Amino acid sequence: MTLAEARQRIEWAISQFGHHAAPAIDLVMAEVRSDLGTGAFNELVEDFDLELLYNIAPLESDHSNG
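Before going into details, it helps to say that this report is about the structure given with it. (Residues numbered from 1 in each chain as written. Predicted model: local features only at pLDDT ≥ 70, side-chain atom pairs only at ≥ 80, totals over all residues. Heavy atoms only, no water.)

## Some details on the overall build of the protein
Across its full length, the protein holds 4 helices and 0 strands. Reading the protein from its N terminus to its C terminus gives the helix and strand order α-α-α-α. Since a compact globule built from 66 residues should have a radius of gyration of about 11 Å, the 12 Å found for the protein is in line with a globular shape. In terms of overall dimensions, the protein has a C-alpha envelope of 40 × 25 × 15 Å along the principal axes. Of all 66 residues assigned to the protein, the portion counted as buried reaches 29%. For the protein, long-range pairs separated by at least 24 residues make up 46% of all intrachain contacts whose partners lie at least 6 apart in sequence. Here the protein has roughly 4,400 Å² of accessible surface; of this, 50% comes from carbon and sulfur atoms. (Helix = DSSP H or I, 4+ residues; strand = E, 2+ residues; numbered from the N terminus. Rg over C-alpha atoms; globule rule 2.2 N^0.38 Å. Buried < 20%, exposed > 50% of the residue type's maximum accessible area, 1.4 Å probe, protein only. Contact = heavy atoms within 4.5 Å. Areas by Shrake-Rupley, 256 points an atom, 1.4 Å probe, with all protein chains shown as cover.)

Have a look at this one:
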């Protein structure tokens, strides 16, 4: 999956399901995290305001500050 495909799928889910889109968005976001990593995941959370609207929080960095 590309970032552009993820954006399209999230937009589609929001247009189809409105405030009930969280389950569909969760599926897309799981794929994004797996395919594209934490940075892309967090970018989408911010761009679509997913934390506020759907309680989908940004992920912590893949790198520890250890």
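Let us keep going from here.
## Regarding the packing of helix α1 (residues 3-17) against helix α2 (residues 22-36)
The geometry of α1 relative to α2 is characterised by a closest axis approach of 9 Å and an angle of 170 degrees between their N-to-C directions. By the criterion of interaxial angle, the relationship of α1 to α2 is roughly antiparallel. The segment α1 lies against α2, with L3, A6, R9, I10, A13, I14 and F17 engaging A24, I25, V28, M29, E31, V32 and L36. (Axes fitted to C-alpha atoms, helices over the stretch in contact; angles between N-to-C directions. Parallel < 35°, antiparallel > 145°, perpendicular 65-115°, else oblique.)

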